[in-house]
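Residues per chain, in single letters:
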Amino acid sequence: MKRALLSGNEAVARGAYEGGCLVAAAYPGTPSTEILEEISKYKEIYCEWSVNEKVALEVALGAALAGARALCAMKHVGLNVAADPLFSSAYIGVQGGFIIVTCDDPGMHSSQNEQDNRFYGLFAKIPVLCPSDSQEAKDLVIKAFEISEEFDIPVILRMTTRVSHCKSVVNLGERREKEIKGYKKDVSKTNLLPQFAKRRHILLEEKLEKLKEYSNNFPYNRFEEGKSDLLVIADGVAYQYAKEVFKDASFLKLTMVYPFPDKLVSSICQKYKEIIVVEEVEPFIELMVKSLGFKVKGKGYLPKFDELNPDRLKVFIKKEEEKEKKSDELPRRPPVLCPGCPHIGTFYLLQKKDYIITGDIGCYTLGALAPHYAMDTCVCMGASITLAQGIEKVNKRINDQRPIISIIGDSTFFHMGVPGLLNMVYNKSDIILFILDNETTGMTGHQDHPGTGRTLMKEETKKILPEDIARACGIEKVYVLNPYKIRENKKIIDKLLKEKKQAVVIMREPCIFLKKREKPKEIDIELCTGCKLCIKLGCPAISYEDNKAKINENFCVGCGMCIEVCPKGAIK
Amino acid sequence: MNKEITNILICGIGGQGILLFSDILGEVAMENGFLVKKSEVKGMAQRGGSVISHLRFGKEVYSPLIPLKEADFLVSMEKLEALRYLDYLKEDGILITDNFYMPPLPVLVGEVEFESHTIDKNLKEKVKNLYYLPAQKIAKELGDIRISNIILLGFLSNFLPFKIDDYLKVIERNVKKEYLELNKKAFLKGREIFSQ
């Protein structure tokens, strides 16, 4: 059998391929992005970057209603954006199998919260499968298509960062084409007018009862008898950590956590006096097991925050909680804007000022940190433009004169910025909106979007420019600037900040990963006076040694922004 | 404990080729019949941050993360990062690190003070099996500073039970054609240094 070392996300893509998936849609978001990137390598599957997660879910649902197997993928907070169609999809059901992949991020490696999307299953009444490694991720995609078709219901596949991004060995199979049933008119099923929806809800409750029986007999909900008197109940990657730590324990590995396999869990739990539940973030399984009347140890021993690891689980074995040994206090090395990043040019001009700056989600959120301190808020996709409007309404009343600036990236602007911009014009807010257009979805690793003129399947398409959208929304002052031209931009931006009138400024320069590296710049030590103005840029390629600036040739991409800010002409 | 699992932690700064290092080694281990688990976190800005990759292989591997004090090897592309993740290294584990130091941005911009000479002192005090390798310097001599990761991989390979050809085959699959010869040269150079 052919084997490959695949990440969980690559395995989901492989499962989609082998399972005969025909349509896949997503908006990129860590840790989910690679699923669609991998799917795009299989020519049998139509795939797209949708403009946001709500759109992605609806495109995939539409495909499922047309009788094909379909999948959408998103990070955990993306499912909030897609929550509206998610709830309705449970009522409507499917024709072809339909999977919603959500990749949660315990530990918040690249997210704004730690929400536990297993609860979306309970809330939206949709079955939830939780793989614990890549092989399971692949197998469960195929299984989820079957469940979806058998019970006429969408299925959530809940991944986490450590399942999505860990690589493990996977056995590969062949693709099985699925016959496409085609779109069938069935208005009472697909049109949720109240009179139809009432019936659909009753039907959904009946399906969930049947699915509970299915879950009780689901072979991936598995009992493994051990030597000791301890029973460990675990799901996802937490199961792998627990297997590492509790070598002699019996295990109840749960994979379909909703509908909860109550009979299976009860029949096993009653044989054990000591039961612990190992799961990340929220006590989902713990609450379910407790509701069946069993005493378990879980949260309280384990934290409700951050991700788990094998060391954290040792709190169950050690009498006294042994603190994880910490190295001596070392300076942190936080993620920073890349050397030559065009965002640096924008933040250099806005840094450390008394402006109100609402921000958004992207690499540029790092503008909040040293040395720029030029971003006050980061809430969710698109919130930069809208939060600013609320602040502006208050500030007008109390005569607060500080300029109000919103900063959003190009991909985020297309995702959820446009309605906010419409609102800004319609409701007359004087905000200076910066769209940092690096012509890609930068933070997730350079995915195409409506502004790039290319689809995920690498087809040419119409290129939509943010300045055209801004003008169409009714903005009169629209500027397109090159962020590397710091001196020129300073004049224009200072004027706008003084006027404090509605304006959109597009800072356009491709992400450094999309360009060829130029020759690294060098410091002329004779001319450098050690004034540190170039250090203020916050470019990681520039350091300071023996009272002179120094450029690290391994990191420098030769963008020349430092030349713009050096008053002595010491950089070449 | 875990005698049958080999644990290798690879760390450095985003942009130094840490993930390529562990991808190659993971595939070599798989092709030698081991089960492999490999974990790292992606996202946020790609260059300049602290990056870590866990690689484990053996007959049966559960956790994709290496428990503290269980790493047989710690390979670091930068020495402050080596010190940062030292808690993962076994008492008798082996540390291989580039002796290159890159001050983190908070130090560069003067927000945090740090005496960098304490790094060497700390490493020498705490690690029994310590190998400093000027990988970046050697890489520059070979013609491209970006291949220091493969030089370190070549050096590490002396301690692992896989054949040179196994590595070269996997390197061929994982790097662009135009850089293949350079990468092979880097691997062999790293491998040689140990016996010198």
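Rules used throughout
- Residues numbered from 1 in each chain as written.
- Chains lettered and ligands numbered in written order.
- Predicted model: local features only at pLDDT ≥ 70, side-chain atom pairs only at ≥ 80, totals over all residues.
- Heavy atoms only, no water.
- Helix = DSSP H or I, 4+ residues; strand = E, 2+ residues; numbered from the N terminus.
- Buried < 20%, exposed > 50% of the residue type's maximum accessible area, 1.4 Å probe, protein only.
- Contact = heavy atoms within 4.5 Å.
- Pairing = 2+ DSSP bridges.
- Phe/Tyr/Trp six-rings, centres within 6.5 Å; stacked < 30°, edge-to-face > 60°.
- Lys NZ or Arg CZ within 6 Å of the ring centre and 35° of its normal.
- Axes fitted to C-alpha atoms, helices over the stretch in contact; angles between N-to-C directions.
- Expected span 1.5 Å × (residues − 1).
- Polar contact = N/O pair within 3.5 Å; in protein donor to acceptor, adjacent residues only side chain to side chain.
- Buried area = accessible area lost by both parts, 1.4 Å probe.
- Salt bridge = Lys/Arg side-chain N within 4 Å of Asp/Glu carboxyl O.
- Domains from an automatic or database assignment.

1. Observations concerning the environment of G58 of chain B
Residue and element names in this part refer to chain B.
- Note on placement: G58 falls in strand β3 (residues 50-58).
- Given a relative accessible area of 0%, G58 falls into the buried group.
- Separated by 21 residues in sequence, G58 and K37 have C-alpha atoms that sit 9.1 Å apart.
- Residues in contact with G58, not counting those within four places in the same chain, are E4, I5, F34 and L35.

2. Some remarks on the pairing of strand β21 (residues 548-551) of chain A
All names here are of chain A.
- Side chains A549 and I551 project from β21 onto a buried face, and the interleaved K548 and K550 project onto a face without burial.
- Two elements, strand β20 (residues 542-545) and β21, share 4 bridges in a ladder whose sense is antiparallel. Bridging across to β21, S543 finds its partner in K550.
- Following β20, the chain reverses through 2 residues before pairing antiparallel with β21; D546 in that reversal takes a positive phi of roughly 50 degrees.

3. Digging into the packing of aromatic side chains
- Per the stated rule, a full pass over the model turns up 25 aromatic pairs over all chains.
- Through successive ring pairs, a cluster of aromatic residues spans F34, F57, F162, Y167 and F187 of chain B.
- Cation over ring: K243 of chain A sits above F251 of chain A, and NZ or CZ is 4.8 Å from the ring centre.
- Directly above the ring of Y544 of chain A sits K532 of chain A, whose terminal nitrogen or CZ lies 4.6 Å from the centroid.

4. Re the sheet that holds strand β9 (residues 222-224) of chain A
Residue and element names in this part refer to chain A.
- One open sheet holds the 4 strands; their spatial order is β9-β11-β10-β13, and the pairing between them is mixed. Each edge of the open sheet carries a strand with a single partner, namely β9 and β13 (274-278). In this sheet, adjacent strand axes meet at a mean angle of 15 degrees when their direction is disregarded.
- As paired strands, strand β10 (residues 230-235) and β13 are joined by 5 bridges and run parallel to one another. Note that in β13 the partner of L231 across the bridge is I275.
- The strands that helix α11 (residues 236-245) touches are β9, β10, β11 (250-254) and β13; relative to β10, the one it contacts most, it runs at about 145 degrees.
- This element, helix α12 (residues 262-269), spans β9, β10, β11 and β13 of the sheet and lies at about 170 degrees to β11.

5. So, helix α1 (residues 18-31) of chain B
All names here are of chain B.
- Helix length check: α1 (14 residues) gives 20 Å between terminal C-alpha atoms against 20 Å at 1.5 Å per residue, within 8%.
- With 11 of its 14 residues buried, α1 lies for the most part within the structure.
- Those residues of α1 that fall on the buried side of the exposure criterion are I18, F21, S22, D23, I24, L25, G26, E27, V28, A29 and M30.
- One or two steps after α1, the chain reaches G33, where phi turns positive at roughly 90 degrees.

6. Focus: helix α3 (residues 53-65) of chain A
Residue and element names in this part refer to chain A.
- For α3, with 13 residues, the first-to-last C-alpha span of 18 Å sits near the 18 Å given by 1.5 Å per residue.
- All of the buried residues along α3 are E53, A56, L57, A60, L61, A63, A64 and L65.
- Two to three positions downstream of the cap, the backbone nitrogen of K54 sits 3.1 Å from a side-chain oxygen, assigning the N-cap of α3 to N52.
- After α3 finishes, the residue G67 shows a positive phi value of roughly 95 degrees.

7. Describing the interface of chain B and chain A
- Each partner contributes residues to the interface: chain B has 60 residues there, and chain A has 63 residues.
- Summed over both partners, the interface of chain B with chain A buries about 5,400 Å², with 60% contributed by carbon and sulfur atoms.
- Note that K167 of chain A is salt-bridged to D23 of chain B, the shortest N-O span being 2.9 Å.
- Mapped onto the side of chain B that touches chain A, the elements with two or more residues apiece are α1, β2 (35-40), β3, α2 (79-84), α3 (105-108), α4 (117-126) and α5 (135-142) of chain B.
- Sorting elements by how many residues they give to the side of chain B that touches chain A places β2 of chain B first, with 6 residues.

8. Considering the domain arrangement of chain A
- Annotation of chain A at the domain level lists domain 1 (3-217), domain 2 (222-316), domain 3 (342-511) and domain 4 (516-572).
- Computed over C-alpha atoms, the centres of domain 2 of chain A and domain 3 of chain A are 46 Å apart.

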